[in-house]
Amino acid sequence: MEAEALAYIYGLCTMFYGMMAWMFWRKADRHSRLLSVLMFTICIQCIKDLFFLDGDYGSGNFGWMLMTATDMVAIPMYAFILMELVCPGKLTWRMMAVHELPFVALPVLLFATHLELFYYVLVALAGIYGTYYLVWTALKIPHYNRLLKERFSYTENINLNWLRVILYSFYLILALWLFDCMVVHLSMECLYMAGSLAMWMVIDYFIYRHESVLDELSDQPTNDEVYDPTSEPNGLGQQIKAIFTEQKIFLDSHLKVSDIARAVGSNRTYVSNYFNREAGMPFYDYVNGLRISYACDLLADTDDGLKLIAEKSGFNSPQAFIRVFSKLKGMSPTEFRLSIKSGGVNNCTIDSYTIY
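Residues numbered from 1 in each chain as written. Predicted model: local features only at pLDDT ≥ 70, side-chain atom pairs only at ≥ 80, totals over all residues. Heavy atoms only, no water.

Q: Looking at this model, I keep getting lost on the overall build of the chain. Mind explaining?
A: Each helix and strand counted, the chain has 16 helices and zero strands in total. Taking all 356 residues of the chain together, 47% fall into the buried category. Put simply, of all contacts in the chain between residues at least 6 apart along the chain, 73% involve residues at least 24 apart. When the accessible surface of the chain is summed, it comes to about 17,700 Å², and 62% of that surface belongs to carbon and sulfur atoms. (Helix = DSSP H or I, 4+ residues; strand = E, 2+ residues; numbered from the N terminus. Buried < 20%, exposed > 50% of the residue type's maximum accessible area, 1.4 Å probe, protein only. Contact = heavy atoms within 4.5 Å. Areas by Shrake-Rupley, 256 points an atom, 1.4 Å probe, with all protein chains shown as cover.)

Pasting the structure below:
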């Protein structure tokens, strides 16, 4: 019964990973291609493992050890996905080759020498390597989200808050996998494969929705790109003020620092530093403060619904509008409108968000 259940789960995994490999390859961006390679690798491993399900399934079987050892070549690929998510554009071919080297060399040594020691060293390496990159990613996520706020006026489908939950789930799967490598049992293998499949369904859903931020975050600042108020080029501050006051560019729901840079003929790093230093806040906070001020006027002067006001004010969704509004005003948009009508609020602007 357990063997049949395991064969069924392997069949589901093969179809799912194969389909995901095809879907992500079609997206054609760098991160999707990396994920597609990982999905294809796991799919091939599942097909290969199907031929071993009827064999001697035990920890003393050298063939099973060798099969498991070769599967570990995919472990660095998991780290590559995490690296590309939190540090887009930093991953190089050389870095990938260095990470893969021990996970290729140890299975080769195991095959050549038949020494089980190499297998246990590989399992230990996988545990240490996986734990390191789980912790590393968790520490990098806040830095990444701060960087987003310096370059984007929105966070929908680009922030990585969802990744924290995935990391905790992934760690449980990793622990289960390590236990499965040492204490081999059909029930444990079923639990591991089913858990991995469920986790990857969730991960693939979020990553498929994730917008590429590589173009916006990949530039490297140079010394002449650091903001210096004493050498402001061509009246940068006045140009930025003009496009915000006259063109109301903040109403563009997908506004990015690069859009401002193109409009004023400057570069992204200089413009981003202008907001941080001159306005005293990240680009995200600056733009959304103006959007909320604009929304306050609409709430006070019109009877438009929240969905329409969110759209007119430059928000991607009513949920994002309500979240930002409540944070800045200390009340929901509906409560704000009611307080306006009852005379409880006289000023619908946010004084701390002045156009500089």
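Q: Before we go on, may I ask you to explain the side chain of Thr14 in this structure?
A: With respect to the secondary-structure elements, Thr14 resides in helix H1 (residues 2-27). Residue classification places Thr14 among the buried residues on the basis of a relative accessible area of 16%. Here Thr14 is in contact with Cys43, Cys46, Ile47 and Leu50, once residues within four sequence places are set aside.

Q: Help me out: how do you make sense of the packing of helix H3 (residues 62-71) against helix H6 (residues 116-151) in this one?
A: Packed helix pairs are characterised by how far apart their axes lie and by the angle those axes make with each other. Contact pair H3 / H6: the axes reach a minimum separation of 10 Å and the direction vectors enclose 35 degrees. In terms of crossing hand, the pair formed by H3 and H6 is left-handed. In contact with Trp64, Met65, Thr68 and Ala69 of H3, H6 contributes Glu116, Tyr119, Tyr120 and Leu122. For the contact of H3 with H6, the class distribution of residues is six nonpolar, one polar and one charged. (Axes fitted to C-alpha atoms, helices over the stretch in contact; angles between N-to-C directions. Left-handed = near helix turned anticlockwise from the far one by under 90°. Nonpolar A, V, L, I, M, F, W, Y, C, P; charged D, E, K, R; others polar.)

Q: So what exactly am I meant to see when it comes to H6 here?
A: The end-to-end C-alpha separation of H6 is 51 Å, in line with the 52 Å expected for 36 residues at 1.5 Å each. Maximal helix bending in H6 amounts to about 30 degrees, located at Lys140; proline Pro142 follows within four positions. (Expected span 1.5 Å × (residues − 1). Bend = angle between axes of the 7 residues up to and from the residue.)

Q: Any chance you could explain the nonpolar core here in plain terms?
A: Considering soluble globular proteins, one finds that nonpolar side chains tend to be buried as a cluster. Judged by nonpolar contacts, the single largest core of 76 residues is most densely connected at Tyr17, Leu38, Met39, Met72, Tyr119, Leu163 and Trp200. Taken together, the elements giving at least two residues each to this core come down to H1, helix H2 (30-50), H3, helix H4 (75-86), helix H5 (93-113), H6, helix H7 (161-182) and helix H8 (186-209). When residues in this core are grouped by element, the largest group, twelve residues, is from H6. Those residues in contact with Met39 that lie beyond four places of it in its chain are Tyr17, Met20, Ala21, Trp200 and Asp204. Phe244, Tyr286, Val287 and Leu290 belong to the second largest nonpolar core, which has 21 residues in total. (Core = buried A, V, L, I, M, F, W, Y, C linked by side-chain atoms within 4.5 Å.)

Q: How should the pattern of salt bridges be read in this particular structure?
A: Pairing of side chains with opposite charge becomes possible as their charged atoms draw close. Going through the model one piece at a time under the given rule, you end up with seven salt bridges. We note a salt bridge from Lys48 to Asp49, for which the minimum N-O separation is 3.4 Å. Under the relative-accessibility criterion, Asp49 is labelled buried at 7%. Linked by salt bridges that have partners in common, Lys48, Asp49 and Asp71 make up one network. (Salt bridge = Lys/Arg side-chain N within 4 Å of Asp/Glu carboxyl O.)

Q: Just checking my understanding: could you explain the packing of aromatic side chains for this structure?
A: In this description, a pair of aromatic rings is defined by centroid distance and the angle of the planes. Inspection of every chain in the model, using the stated rule, returns 22 aromatic pairs. Judged by centre distance (5.7 Å) and plane angle (80 degrees), the ring pair of Tyr274 and Phe275 falls under edge-to-face. Given the relative accessible area of 3%, Tyr274 is considered buried. One aromatic cluster in this structure is built from Phe244, Phe250, Tyr274, Phe275, Phe283, Tyr286 and Tyr294. Positioned above the aromatic ring of Tyr208 is the side chain of Lys27, whose terminal nitrogen or guanidinium carbon lies 4.7 Å from the ring centre. Looking at Arg33, its charged tip hangs above the ring of Trp25, at a distance of 3.9 Å from the centre. (Phe/Tyr/Trp six-rings, centres within 6.5 Å; stacked < 30°, edge-to-face > 60°. Lys NZ or Arg CZ within 6 Å of the ring centre and 35° of its normal.)

Q: Whenever I open this one, helix H15 (residues 318-329) confuses me. Can you help?
A: For H15, which comprises twelve residues, the first-to-last C-alpha distance of 16 Å matches the rise-based estimate of 16 Å (1.5 Å per residue) to within 8%. Three or more residues of H15 are buried, namely Ala320, Phe321, Val324 and Phe325. Down the axis of H15, the buried set is contained in an arc of 120 degrees. They therefore lie on one face. Residues of H15 that are exposed and point over 90 degrees away from its buried face: Gln319 and Lys327. For H15, the secondary structure elements touched by its buried residues are helix H13 (283-301), helix H14 (306-312) and helix H16 (333-341). Gly330 occupies a position one or two residues after H15 and carries a positive phi of about 75 degrees. (Arc of directions from axis to C-beta.)

Q: What is the right way to read the side chain of Asp49 from this model?
A: Relative to the elements of secondary structure, Asp49 occurs in helix H2. At 3.4 Å, the side chain of Asp49 and the side chain of Lys48 are in polar contact. (Polar contact = N/O pair within 3.5 Å; in protein donor to acceptor, adjacent residues only side chain to side chain.)

Q: What am I meant to see in the environment of Ile166 here?
A: In this fold, Ile166 is placed in helix H7. Distance in space between the C-alpha atoms of Ile166 and Phe206 is 10.0 Å, their sequence separation being 40 residues. Discounting chain neighbours no more than four positions away, the residues touching Ile166 are Val202 and Ile203.

Q: What am I meant to see in unusual backbone geometry here?
A: Negative phi values dominate among residues other than glycine, just as trans dominates among peptide bonds. A positive phi angle, near 75 degrees, is found at Ala28, a position not held by glycine. Examined against the element boundaries, Ala28 turns out to sit in the loop between H1 and H2. Residue Lys248 is not a glycine yet carries a positive backbone phi of 45 degrees. Along the chain, the position of Lys248 falls in the loop between helix H10 (236-245) and helix H11 (257-264). In this structure Lys248 comes out as partly exposed when scored by relative accessible area, which is 36%.

Q: Can you help me understand the environment of Leu186 in this one?
A: Locating Leu186 in the fold gives a position in helix H8. Owing to a relative accessible area of 21%, Leu186 belongs among the partly exposed residues under this scheme. Taking the C-alpha atoms as reference, Leu186 lies 7.3 Å from Leu6; in sequence the two are 180 residues apart.

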